[in-house]
Amino acid sequence: MRAIGLGLLALSLLSCTATSPGRADATSTPAATARDAAARVNAEDDACARRTMNSLVDAMNAADETRLTYLLGGGVVQTTRDAVGLLLARSRAGERWTLARLDINGHNSYYGGIDFGVYMRRTGPNVNAGEVDAAGKGVVECPEGRFKIFGLGP
């Protein structure tokens, strides 16, 4: 009985280390993923996406309604007016954003444009615990410098 138990243990350990379809392998390491994304984004698109995100942060922090309306005007799901109104209310209540990290992921979107992932530090009197790191993602339209999709967690 003990030999069967040891045999099953050895078999389960071997199966955990074997590479099979659907399992992570060397091509899905963070370095490989970054190389794949770099191959899908040229320098112009990368610069446009970063410029657009920085513009959104600046517009949010300044409660710049005109700029927010332009930046979010390409929206697919939520109306621009709703999104701008929400951000203006948060900004006027003292919420501020700081860009912590922006990952440009290339032209993969069903909606066209450049996919991205973002980490934003949100601070302010109405933010839980006064400060939170929120994750988000979306699609930037370049060279227009507008968001087709933008979502940011609480």
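Look up: the structure comes first, before these words.
Keep in mind that this is a model prediction, so the values were computed, not measured. (Residues numbered from 1 in each chain as written. Predicted model: local features only at pLDDT ≥ 70, side-chain atom pairs only at ≥ 80, totals over all residues. Heavy atoms only, no water.)

Chemist: I would appreciate a short explanation of the overall build of the chain in the present structure.
Modeler: Assigned secondary structure in the chain consists of 5 helices and 4 strands. Expressed as a percentage of its 154 residues, the buried residues of the chain come to 29%. Excluding contacts between residues fewer than 6 apart, the proportion of contacts in the chain whose partners are at least 24 apart in sequence is 52%. Of the roughly 9500 Å² of accessible surface on the chain, 56% is carried by carbon and sulfur atoms. (Helix = DSSP H or I, 4+ residues; strand = E, 2+ residues; numbered from the N terminus. Buried < 20%, exposed > 50% of the residue type's maximum accessible area, 1.4 Å probe, protein only. Contact = heavy atoms within 4.5 Å. Areas by Shrake-Rupley, 256 points an atom, 1.4 Å probe, with all protein chains shown as cover.)

Chemist: Mind showing me how you'd approach helix 5 (residues 80-92) here?
Modeler: Three or four residues apart is the spacing at which side chains of an α-helix point the same way, because the helix has 3.6 residues per turn. Between its first and last C-alpha, helix 5 extends 18 Å over 13 residues, near the 18 Å set by a 1.5 Å rise per residue. Within helix 5, burial applies to Ala83, Val84, Leu87, Leu88 and Ser91. The buried residues of helix 5 all sit within an arc of 130° when viewed along its axis, so they share a single face. Exposed and oriented more than 90 degrees from the buried face of helix 5 are Arg81 and Arg92. For helix 5, the elements touching its buried residues are helix 3 (43-62), helix 4 (65-71) and strand 1 (96-106). (Expected span 1.5 Å × (residues − 1). Arc of directions from axis to C-beta.)

Chemist: For this particular structure, what's the right way to read the side chain of Ser55?
Modeler: Structurally, the position occupied by Ser55 is in helix 3. You can call Ser55 buried: its relative accessible area is 13%. Not counting chain neighbours up to four residues away, the residues in contact with Ser55 comprise Arg67 and Leu71.

Chemist: How do you make sense of the pairing of strand 3 (residues 131-141) when you look at a structure like this?
Modeler: A regular strand places its side chains so that they alternate between the two faces of the sheet. Inspection of the sheet shows strand 2 (residues 114-123) paired to strand 3 by 10 bridges, in the antiparallel sense. When the bridges of strand 3 are listed, Met120 appears paired with Ala134. Linkage of strand 3 to strand 4 (residues 146-152), two consecutive antiparallel strands, is achieved through a turn of 4 residues, within which Gly145 is found at a positive phi near 70°. (Pairing = 2+ DSSP bridges.)

Chemist: I would appreciate a short explanation of the sheet that holds strand 1 in the present structure.
Modeler: The pairing of strands in a sheet happens through backbone hydrogen bonds and is either parallel or antiparallel. Taken in spatial order, the 4 strands line up as 1-2-3-4 in an open sheet, and their pairing is antiparallel. Pairing within the sheet leaves two strands with one partner each, and these edge strands are strand 1 and strand 4. Sheet twist, expressed as the mean angle between neighbouring strand axes with direction ignored, is 25°. Together, strand 1, strand 2, strand 3 and strand 4 form the strand contacts of helix 3, whose direction differs from that of strand 1 by roughly 160°. (Axes fitted to C-alpha atoms, helices over the stretch in contact; angles between N-to-C directions.)

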